[in-house]
Amino acid sequence: MALITILSAAMALALYDRTLAEWWHIAFICILPAIPSGYAMRKVFSKAMGWSSQSLCALASSAIVFLIFSGIYYSANYYGADGDSRRDLPVEVTAKFSEEHYRSKRVARNRYTRGEKYMVYKIEILLPDGRQKKLDVPFNTYKNARVGQDINLSVEDGLLGSPVIRNIGFPIRKYRPA
């Protein structure tokens, strides 16, 4: 159960950036079945974990079911997207920035320290409906992006109704001869 929960949460986190839906829409959709199923599983969860508090078991099992449902939602929506509905969505780059992250380095058994530095490149886009979204992009995309530039997102309709981003493209630059 723990492995399924971890994999589902990882899929939800990985596919969140590629989905053009508000986070609270999907959270609301996933919490509706999680609360009653968590309440129904509280006794089984209590026996499995050895906890005596029924309300704590109901809360913990609801959280686990919520993570599983959110992973299933994001995965089904992204991988079941309709390829025939692909369209280009023009968006504007409002900001571009990079963040420093550090890898962890193992120095001894059960001892880790901060390792080497690496950069994560991001752009912030303005969607046609007024929302803003931050996207992790590779270095080449980050390098080619300019603030105020219009770029095209290849968007498909997801299986469960939320649009998904398939590709980030830049328009071809046309230079005038001097």
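Reading the values: rules and limits
Residues numbered from 1 in each chain as written. Predicted model: local features only at pLDDT ≥ 70, side-chain atom pairs only at ≥ 80, totals over all residues. Heavy atoms only, no water. Helix = DSSP H or I, 4+ residues; strand = E, 2+ residues; numbered from the N terminus. Rg over C-alpha atoms; globule rule 2.2 N^0.38 Å. Buried < 20%, exposed > 50% of the residue type's maximum accessible area, 1.4 Å probe, protein only. Areas by Shrake-Rupley, 256 points an atom, 1.4 Å probe, with all protein chains shown as cover. Lys, Arg positive; Asp, Glu negative; His and termini not counted. Charge placed at Lys NZ, Arg CZ, Asp CG, Glu CD. Core = buried A, V, L, I, M, F, W, Y, C linked by side-chain atoms within 4.5 Å. Contact = heavy atoms within 4.5 Å. Phe/Tyr/Trp six-rings, centres within 6.5 Å; stacked < 30°, edge-to-face > 60°. Polar contact = N/O pair within 3.5 Å; in protein donor to acceptor, adjacent residues only side chain to side chain.

The helix and strand tally for the protein stands at five helices and five strands. When the helices and strands of the protein are placed in sequence order, the string is α-α-α-α-β-β-β-α-β-β. Scaling as 2.2 N^0.38, a compact globule of 178 residues should have a C-alpha radius of gyration of about 16 Å, whereas the protein reaches 21 Å, well beyond that. Referenced to the eigenvectors of the C-alpha coordinate spread, the extents of the protein come out at roughly 80 × 45 × 25 Å. The buried share of the protein, taken over its 178 residues, is 33%. Carbon and sulfur atoms make up 59% of the accessible area of the protein, which totals about 11,700 Å². Within the protein, one finds 24 positive and 15 negative side-chain charges whose respective centroids are separated by 11 Å.

Quick look at the nonpolar core now. Ranked by size, the top nonpolar core spans 15 residues in total, and within it Ile123, Ile125, Leu135, Ile151, Leu153 and Ile168 carry the most contacts. Listed by contribution, the elements that provide at least two residues to this core are β1 (82–108), β2 (111–126), β3 (132–137), β4 (150–157) and β5 (163–169). Ranked by residue count, the leading element in this core is β4, at three residues. Residues within four places of leucine 135 in sequence aside, it is in contact with Asp17, Tyr121, Lys122, Ile123, Ile125, Leu153, Ile165 and Ile168. Ala21, Ile26, Tyr78 and Ala81 belong to the second-largest nonpolar core, a separate cluster that totals 10 residues.

What follows concerns the packing of aromatic side chains. Counted according to the given criterion, the structure contains six aromatic pairs. With centroids separated by 6.4 Å and ring planes inclined at 85 degrees, the aromatic side chains of tyrosine 16 and tyrosine 74 adopt a geometry described as edge-to-face. Residue tyrosine 16 is found in helix α1 (residues 2–16), and its partner tyrosine 74 is found in helix α4 (residues 54–79); the two are separated by 58 residues along the sequence. Taken together, a centroid distance of 5.7 Å and an interplanar angle of 80 degrees make the contact between phenylalanine 45 and tryptophan 51 edge-to-face. Feature note: the residues Tyr16, Tyr73 and Tyr74 constitute an aromatic cluster, connected by ring pairs.

Next up on the list: the environment of aspartate 129. With respect to the element layout, aspartate 129 can be found in the loop between β2 and β3. Taking the relative accessible area as the measure of exposure, aspartate 129 reaches 54% and is therefore exposed. Separated by 56 residues in the primary sequence, aspartate 129 and tyrosine 73 have C-alpha atoms spaced 23 Å apart. A polar contact of 3.0 Å, which involves the side chain of aspartate 129, links it to the side chain of arginine 131.

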